[in-house]
Number of protein chains: 2
Amino acid sequence: MVGGRRELPFRSCLLGAMSRLGKFAQTSLPINDYAKRSITSELRVRALMERGKVLASQSPSPPRILVVGTGAIGGFYGGKLAQAGARVSAVCRSDYKVVCANGIHINSVWGDFLFKPERVVSDVSEYGPPPDYILVGLKVLPEIETAGMIKAVVGPDTVIVLVQNGVEIDQPVARVFPDNEIISGLAFICVTRTGPGRVEHIDFGRLVIGRFPAGNSDRAEGLAELFNNVNVPCEVTQDAVTARWRKLVWNAPFNPISVLGGGLDTKAMLDTPESVTLVRRIMEEVCRIAEAAGHPLPSEVVQQNIDGTRKMEPYKTSMLIDFEEGRPMEVEAILGDALRVARRHGVAAPHMETLYTLLKLVDRRTLQTR
Amino acid sequence: MVGGRRELPFRSCLLGAMSRLGKFAQTSLPINDYAKRSITSELRVRALMERGKVLASQSPSPPRILVVGTGAIGGFYGGKLAQAGARVSAVCRSDYKVVCANGIHINSVWGDFLFKPERVVSDVSEYGPPPDYILVGLKVLPEIETAGMIKAVVGPDTVIVLVQNGVEIDQPVARVFPDNEIISGLAFICVTRTGPGRVEHIDFGRLVIGRFPAGNSDRAEGLAELFNNVNVPCEVTQDAVTARWRKLVWNAPFNPISVLGGGLDTKAMLDTPESVTLVRRIMEEVCRIAEAAGHPLPSEVVQQNIDGTRKMEPYKTSMLIDFEEGRPMEVEAILGDALRVARRHGVAAPHMETLYTLLKLVDRRTLQTR
């Protein structure tokens, strides 16, 4: 691992774990067992720390990380990595001047903090020698070609971390950089960019990361340790693709229905028996597609996601926020890509097809009236 | 038939038929063959007239007709029946004073006209002796109980004409009035109430009427003749229930998608291959439900409806107008009732189910924010 480890006082670590355990027990995040496992591994880290086996990093140079797509996700997790001691720089376009001058202010339920990037650049080409990690927090839209955007700054040892929604989004990047390690990242977080250099972290924050397409990864372990060191629960999975499908079980119903149902939060979407049935049908379709694609999910995942969401504080999805602000929505990442997998495997997904077509019409209309 | 027939000059009748034939040839209304049949029967009427067999009515008293639900549909067709010589009265609530004072002004592509009801009442109980026909133009909403609303004025010989959307809407009325003739009516028209006492007729106008649930009806024939006499194409069907399903083939996709797609007219709904596919899937579901319910539709009806709509002037559906004006939408009439039939017969209709659930959520949201 490229270092940056810092020893955390036992008390704050335990309190962090306990408060998160309490939080998850109360709110039952969609993929609850992940959370529990994450906390378990953190308690294991604490035990190791007690035994003096985990020490402050002796690494001479903390990792250099470049955040591409410094919106809510990139700003928040980039800032957390900076807190953990990494040398984090950020690519900013519209927010360039503000972030140069003042950094990114993050109002967080975990405690407010300021993220002052080591460097702020308006294009990756200005960054200099390739970083150890590129953290991609870009939205997944057809017009955004991730590989092309980062090409100028990817070195032979650069790890590309895609903290993005969707399935089958890693392959196009892996194809362009066949010799680089790709890490798929999934953020279970409620975080919003509220203005230039301003991010609001409202709830949750857990990460699941893993080498794409599968397997062990020291670099993923290293990144997870950085996150865990600053109390961001981060689990390393050996099956990143299945983790993507698993997150889609939640995203595929709730994001589209929040928009198409007339602007609804999670509570409103689960308020009628009809809408719960629709949510369930869509989740079942995702499970069937995932299974056909060779990534079966445990059968209880549907009920767990519904129960977990019911216990959450009412939450406005990212797709609804995009829609309300007249921005393009992640229609392909949330539905289109999965439906193409469905067609490839001959799996019927009529509920998802209906949502997909309606969202494409809405998206088109938004672009026309902008 | 309770009379009211008037002889029309040959020239105006022929011109009417020709201009409509031209119009339908150009626009290919969704159920094109109906239109053609209607025109054929009108030409037959003209031939009879030439032979002197159709004479001015010798009936001493033209029919007394009470319009209940004097909105766009009730105002327009009530006005046409008054033009045809019937004694048409109207139940008006919010528009009562305006209609009493000035009648209903109808701006029509067929020529503007004023509908001065014989009497304007604010409740059916004020009307007096039961009419020959009650023309119901009410919207089909769960909170509107048609039978209860007209009960006070239904006499033993009163015919109840339901010019309304939906399937299975006639049965509840027939159950309350088992000895009265019920006529199902379907209006293929683009007409809008633009204000108190104001109706805008933008396109089309054809009617299909028929005795519920099926069979011959002198009263339906009489009503059709009144309409045809004032150049409203009106066809009498012996299978009213099938006609309702046939109209639903158009309504079930286009009304919901116009709202859920972000406010689209018919042209926008057929602008992408995905949306045409969705329209087709929904039409096919309606056909499967209709068939299971014992009312099979000809196989070409789906393609006819798509082709016909493509040729129409871009048209804003009634559901979209209701939505935009913050009024409740006919969700049950357009989808809910058909889906209950589907469930009864074990027919899967996942595309319609998705639209239905989304519309119910939107409708609920509209009511909450009103």
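Note that the coordinates shown come from a computational prediction; the quantities given were computed from them, not determined experimentally.

What counts, and at which threshold
- Here the residue numbering is sequential within each chain, running from 1 through the sequence in written order.
- Chains carry letters and ligands carry numbers; both start at the beginning, A for chains and 1 for ligands, and go up in the order they are written.
- Only residues with pLDDT of at least 70 are given local features in this predicted model, and only at 80 or more are side-chain atom pairs given and counted; all residues enter the totals for whole chains, interfaces and linings.
- Hydrogens are left out, water is left out, and the side-chain values use all remaining heavy atoms of the structure.
- Per-residue confidence from the predictor is given as pLDDT, running between 0 and 100.
- The contact criterion used throughout is that any non-hydrogen atoms of two residues lie within 4.5 Å.
- For Phe, Tyr and Trp, where Trp contributes only its six-membered ring, two rings pair if their centres lie within 6.5 Å, and the inter-plane angle classes them as stacked under 30 degrees, edge-to-face over 60, or tilted in between.
- Every helix listed is a DSSP run of H or I at least four residues long, and every strand listed is a run of E at least two residues long, numbered separately from the N terminus.
- Buried means the residue's accessible area, taken with a 1.4 Å probe over protein chains only, is under 20% of the maximum for its type, while exposed means over 50%, and partly exposed covers the values in between.
- Each of two parts loses accessible area, computed with a 1.4 Å probe, when they are put together; buried area is these two losses added.
- A pair is scored as a salt bridge if a Lys or Arg side-chain nitrogen falls within 4 Å of a carboxyl oxygen belonging to Asp or Glu.
- Think of a polar contact as two N or O atoms within 3.5 Å of one another; within protein, one of them needs to be a possible hydrogen donor and the other a possible acceptor, and neighboring residues in sequence only count if both atoms come from side chains.
- Side-chain classes follow a simple rule in which Ala, Val, Leu, Ile, Met, Phe, Trp, Tyr, Cys and Pro form the nonpolar group, Asp, Glu, Lys and Arg form the charged group, and the remainder, Gly included, forms the polar group.
- Detection works on a 1 Å grid of protein atoms alone, calling trapped sets that fit a 1.4 Å probe cavities and calling open sets with protein on both sides within 12 Å along at least five of seven lines pockets, with lining residues defined by an atom within 4 Å of a point.
- Grid points are joined across faces, edges and corners, and a volume is the space filled by probe spheres set on the points.
- Bear in mind that the domain bounds are from an automatic or database domain assignment.

A. Structural detail: the confidence of the model for chain A. Residue and element names in this part refer to chain A. The share of residues in chain A with pLDDT of 70 or more is 84%, and the mean pLDDT across the chain is 86. Long-range and interchain partners of residues 1–58, a stretch whose pLDDT sits below 50, account for 96 contacts in this model, where long-range means more than four residues apart. Overall fold confidence (pTM) sits at 0.82, and the ipTM for the predicted complex is 0.80.

B. Representation of the packing of aromatic side chains within the structure. Residues and elements named next belong to chain A. Scanning the entire structure with this criterion turns up 12 aromatic pairs over all chains. Taking the centre distance of 5.7 Å and the plane angle of 90° together, the rings of Tyr77 and Phe227 count as edge-to-face. Here Phe227 lies in helix α7 (residues 218–229) and Tyr77 lies in helix α3 (residues 72–83), a separation of 150 residues in the sequence. Comparing Tyr77 with Phe227 shows no difference in burial state: the two are buried.

C. Spotlight on the interface of chain A and chain B. Taken together, the 23 residues of chain A in the interface contact 24 residues of chain B. The junction of chain A with chain B conceals about 2,100 Å² of combined surface from both sides, 69% of it contributed by carbon and sulfur atoms. When residues of chain A are sorted by the area they lose upon contact with chain B, Thr354, Leu358 and Leu361 of chain A head the list and together hold 24% of the total. For the interface between chain A and chain B, the tally reads 4 salt bridges. Where Lys360 of chain A meets Glu274 of chain B, a salt bridge forms, and the shortest distance between an N and an O atom there is 3.5 Å. Counting the contacts that link chain A with chain B gives 9 residue pairs in polar contact (both at pLDDT 80 or more). No other element matches the 11 residues that helix α14 (residues 350–369) of chain A contributes to the side of chain A that touches chain B. A breakdown of the residues in the side of chain A that touches chain B according to their chemical character gives 10 nonpolar, 8 polar and 5 charged.

D. Representation of the environment of Pro156 of chain A. Assignment of secondary structure puts Pro156 of chain A in the loop between α5 (146–150) and β7 (159–163). Setting aside its immediate chain neighbours within four residues, Pro156 of chain A contacts Asp179 and Asn180 of chain A.

E. Layout of empty space enclosed by the protein. All names here are of chain A. Evaluation of the coordinates by the stated rule reveals 7 cavities of 30 Å³ or more. Around the second largest cavity, the lining residues are Thr70, Gly71, Ala72, Cys92, Asp95, Val99, Ile104, Arg193, Gly195, Gly197, Arg198 and Val199. Contributing elements (two or more residues each) for the lining of the second largest cavity: β8 (182–195) and β9 (198–211). Among the residues making up the lining of the second largest cavity, the classes are represented as 5 nonpolar, 4 polar and 3 charged.

F. Structural detail: the domain arrangement of chain A. Residues and elements named next belong to chain A. According to the domain assignment, chain A contains domain 1 (64–238) and domain 2 (243–369). The straight-line distance from the C-alpha centre of domain 1 to that of domain 2 is 24 Å. The partner domain 2 presents 22 residues to the 25 residues of domain 1 that form the contact. Across the interface of domain 1 and domain 2, roughly 1,900 Å² is buried in total on both sides, 57% from carbon and sulfur atoms.

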